[in-house]
Each structure stands twice: as C-alpha cells, then as structure tokens.
Amino acid sequence: MNRPTLLLNPGPVTLSERVRNALLREDQCHREPEFAELMLDIKARLSRLYPQAAAEFDAVVMTGSGTCAVEAMIASLAPTKGRTLIVSNGVYGERISAMLEMMGRPAAEVRCDWLSEMDLTAVAMQLSADPQISHVVAVHNETTTGRLNDIEPLADLCRQHDAYLMLDAVSSFGAEAIDFSHPNLLAVAATSNKCLHAIVGCAFVMVRKRVFEERKSQANTLYLDLFSYHQAQQEGFSPFTQATHSCFALQEALMELDESGGWQARRDRYRTLSGRIRNHLNALGIPCLLAREAYSSMITSFGLPEGWRYPDLHDRLCSKGFVIYAGQGALYHDMFRICNMGDIRDEDLLRLFDCLTAILD
Ligand SMILES: *Cc1c(COP(=O)(O)O)cnc(C)c1O
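(A) Highlighting the side chain of Ser88. If you trace the backbone, Ser88 turns up in strand S3 (residues 83-88). When its relative accessible area of 0% is taken as the criterion, Ser88 is described as buried. In this view, Ser88 contacts Gly93, Glu94, Glu109, Val110, Arg111 and Cys112; residues no more than four positions away in its chain are not counted.

Shown next, in the form of structure tokens:
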C-alpha cells in the first residue's frame, strides 16, 4: 500500500485508517441523544485511560486545539485572589505566562532556559517567600525541546507548600505517566490530536471533581468556562456546538488505544520508535539537543547537521513524503524536531532513514 505523507511534527498526526474511516459516520446533531451518548462514552474513556483518574477526575470536553484546553484551565481555575506560579522551560510554558498576563491574574514565574530542567530550587524559594502562591502550573512534556519535565518533585513541593498543581499535558496525555493519585494535582489539559491519535478539534481538561462543588469559576470568558461545560456534560450535552466529526474520531482513537494496551503500550511503542530515530540520526552525526534520558518517548530535538539550513532539510524530506518540524524562537537556526506520534510503522522509519542517509551524503 502507498503510504500517505507522514507527519513527523508534534500533532496533528498521521491517522490510522480506522480513525480516518470514523469521520465517515453518519452526521449527527450535537443536541440529539445519540450525540450525548457518544460524549458520555468519550468522557468515560478519557477518565479510564489513567485508572487513578477515574474516581476523582472528570473530563471536560471542548472544541478547539490544545491551547483551548490550557486557556480554559487557566481562565477557570487560576485564582483572581491568590497567585499562580508558572514554571517554564520552553515556548508552551511561556505561553501560559502570556495567558495569565492577558487575563490580569496575579502571577509569579520561574522562567528557565529552554535547554535546562525546571529549576526546582528556585521554585522552592518562591513558594517559601510568597505564601500568596496557591497554584502552580507547568508543562509536562515541553514540546519545544522534547524534554519530559520531572513532575513528581514539583508536585511534592506543591504538597509541602499547600498549593495546587495544574499541568499542560497536551503532548504527553495518553503516552506518558501522569500521577493522578497525587493529592495536589488539580487539573490536566490535553488534546485529541497528539498522543491519542485522533484529529484536531477536541480539547479537554481532566479536572478534580470536587472543584466543581467547592469553588466558583474564575472565568472571565463565556466560551472557555469549564464549569458551564461540566454542568451540561453531566448529561452529555455542551453549552456550544461540539466538533461532532472530531468526536467520532476521538471515540474511535480511544477504542483503538484501549485495544492496543492503553497508554503504557503506546509509550513502549513510542520508545521503540524514538530510540531507533535517535540511534540512526546520531550515527549520521546528527546530535540530540538534550541528554538522551531527558526526552519524552515521542519528541526528539536534534541539532541541524553541519552546513544545513532548516528550510532546505525540511523541503528535501518533504518532497520524499516526510514532514519534520522546525525549532521555535531563538532555537530556530540551530535545531529541528522529529516526532513519532500517530500511525508510524517500522517500514516508514526504514524509508525515512534511507532518505536521510541519501540526502546527507
Ligand atoms: C501542541 C501543544 C499545545 C497546544 O498547541 P495547539 O497549537 O493549540 O494545538 C500546548 N502545549 C503543548 C506542550 C503542546 O505540545
């Protein structure tokens, strides 16, 4: 079979045939009971994916890309009284700072170098120095570099200082460990079109259930208010039109994930693929930007090979059917990224390696 152009960018991903075919289901109205049933099934599947989340967390599903989920989480849960500490080491963490600033929410920041780990010493100092900080927010898998941030010690600092933790897990949910049993974890934002292998259009936030009983929404936006979605979605409905076809794809993708062994099996598969990618590129003299053990299972940042500009490398690979991804910001001229989410097969990687070897020769 001829393979489609392979997306080796961090979402949207190359779809499996099964998920693509789900888009052909009969059209549905989002106000009809069969759609409500579909939505309840998606919510149940999202909560079950991490068994520890099932009892304590509720999935709130919205229409949008990953940023929609993150912004809804921040708008609805970052307090107007009290302060939110953002710990960032890349584009996506800094984007959360920009959100808080635009919303005019009290915020503090530990902004780290994009190539560095989160500075937990600085976080501990801030938390000690400023008892107003009641919430901490961080990015789980910082897509800028592919670093899987170490959330456990951050969550423990939150526990010591009685602060809640919110996570942007947009590029890790469904394929990396997330400790939903941690008592300080408040909410986790994610999307349909990265590790879950569905199409763009469904954004969701896993929210600790008792939040909806104990708190008032902090949202200063109608559309991004998680509380109103949560209320309506108890019955499977939503305050606004949902991306119905994206929901078909998400349900199918969640069934596929479940049948293939859940998030651990997906992580194992990703580790196999990314391990091969790293080995092959390193052997061609293309270095990883970070220490190998720092990476998540599905995103790798590489230094550009000697004498190459990113657009040339991109265009050569694109003409062979592989879409790679540029570096962002100050790293644009130095790096590129290869991701291995989506329906990527062993033979796809062999073709990629052949192409790379030929191009660099
Ligand atoms: C992809 C991504 C987002 C959201 O980006 P969109 O372009 O809105 O999908 C947010 N955070 C991280 C870590 C991401 O990888």
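On we go.
(B) Molecular detail of the nonpolar core. Leu46, Val136, Phe173 and Phe180 are the most contacted members of the largest nonpolar core, which totals 53 residues. Per-element tally for this core: the top contributor is helix H10 (residues 244-259), with seven residues. Filtering out sequence-adjacent residues up to four positions away, Phe173 remains in contact with Leu46, Leu49, Tyr50, Ile178, Phe180, Val188, Ala190, Cys195, Leu196, Phe204 and Met206. Ranked by size, the runner-up nonpolar core spans 37 residues in total, among them Cys68, Ala75, Leu77 and Met103.

(C) Quick look at the site of the ligand. Contacts to the ligand come from Ser65, Gly66, Thr67, Tyr92, Arg95, Val139, Asn141, Thr143, Asp168, Val170, Ser171 and Lys194. Here an oxygen atom of the ligand and a side-chain polar atom of Thr143 are 2.5 Å apart. Interatomic distance of 2.7 Å between a side-chain N/O atom of Asp168 and a nitrogen atom of the ligand. Listed by contribution, the elements that provide at least two residues to the shell around the ligand are helix H4 (66-77) and helix H5 (91-103). Split into classes, the residues belonging to the shell around the ligand amount to three nonpolar, six polar and three charged.

(D) A look at the side chain of Asp168. Mapped onto the secondary structure, Asp168 falls in strand S8 (residues 164-168). Here Asp168 is buried and forms no salt bridge, its nearest opposite-charge partner Arg95 lying at an N-O distance of 7.0 Å. Of the polar contacts made by the side chain of Asp168, one reaches the backbone nitrogen of Val170; its length is 2.9 Å. The contacts of Asp168, once residues within four sequence positions are left out, are Val70, Met73, Tyr92, Ile96, Ala138, Val139, His140, Asn141 and Ala189.

(E) Examining the pattern of salt bridges more closely. Enumeration over the complete set of coordinates arrives at 18 salt bridges. Across the pair Arg18 and Glu252 runs a salt bridge whose closest N-O atoms are separated by 2.8 Å. Note that Arg18 is positioned in helix H1 (residues 17-22) and Glu252 in helix H10, a separation of 234 residues in sequence. The class of Arg18 is partly exposed, set by a relative accessible area of 28%. One salt bridge in this structure joins Arg111 and Glu94, with 3.3 Å as the shortest N-O distance. One end of the pair, Arg111, is in strand S4 (residues 107-111); the other, Glu94, is in helix H5, with 17 residues separating them in the sequence. Shared partners join several salt bridges into a network, and the residues in it are Arg3, Asp343, Arg345, Asp348 and Arg351.

(F) Summary view of the sheet that holds strand S10 (residues 201-208). If you walk across this open sheet you meet the seven strands as S2-S10-S9-S8-S5-S3-S4, and the pairing is mixed. A single partner strand is all that each edge strand has here, and the edge strands are strand S2 (57-64) and S4. With strand direction ignored, the average angle separating the axes of adjacent strands in the sheet is 20 degrees. When S3 meets S4, the two strands line up parallel, connected through five bridges. Paired with Leu85 across the two strands is Ala108, which belongs to S4. Strands in contact with helix H6 (residues 120-129) are S3, S4 and strand S5 (133-139); relative to S4, the strand with the most contacts, it is inclined by about 160 degrees.

(G) View of the pairing of S2. For S2, a buried count of seven out of eight residues is recorded, marking the element as mostly surrounded by other parts of the structure. In this sheet, S10 lies alongside S2 in antiparallel orientation, the contact comprising eight bridges. Considered in S10, the bridge of Val60 is made with Val205.

(H) Spotlight on unusual backbone geometry. Between Gly11 and the following residue, Pro12, the backbone shows a cis peptide bond with an omega angle of -5 degrees. The topology assignment puts Pro12 in the loop between strand S1 (6-7) and H1. A positive phi angle, near 55 degrees, is found at Asp162, a position not held by glycine. Secondary-structure assignment places Asp162 in the loop between helix H7 (151-160) and S8. Although it is not a glycine, His197 sits at a positive phi angle of roughly 70 degrees. Here His197 is to be found in the loop between strand S9 (185-191) and S10.

What counts and how
- Residues numbered from 1 in each chain as written.
- Predicted model: local features only at pLDDT ≥ 70, side-chain atom pairs only at ≥ 80, totals over all residues.
- Heavy atoms only, no water.
- Helix = DSSP H or I, 4+ residues; strand = E, 2+ residues; numbered from the N terminus.
- Buried < 20%, exposed > 50% of the residue type's maximum accessible area, 1.4 Å probe, protein only.
- Contact = heavy atoms within 4.5 Å.
- Core = buried A, V, L, I, M, F, W, Y, C linked by side-chain atoms within 4.5 Å.
- Near = heavy atom within 4 Å.
- Polar contact = N/O pair within 3.5 Å; in protein donor to acceptor, adjacent residues only side chain to side chain.
- Nonpolar A, V, L, I, M, F, W, Y, C, P; charged D, E, K, R; others polar.
- Lys, Arg positive; Asp, Glu negative; His and termini not counted.
- Salt bridge = Lys/Arg side-chain N within 4 Å of Asp/Glu carboxyl O.
- Pairing = 2+ DSSP bridges.
- Axes fitted to C-alpha atoms, helices over the stretch in contact; angles between N-to-C directions.

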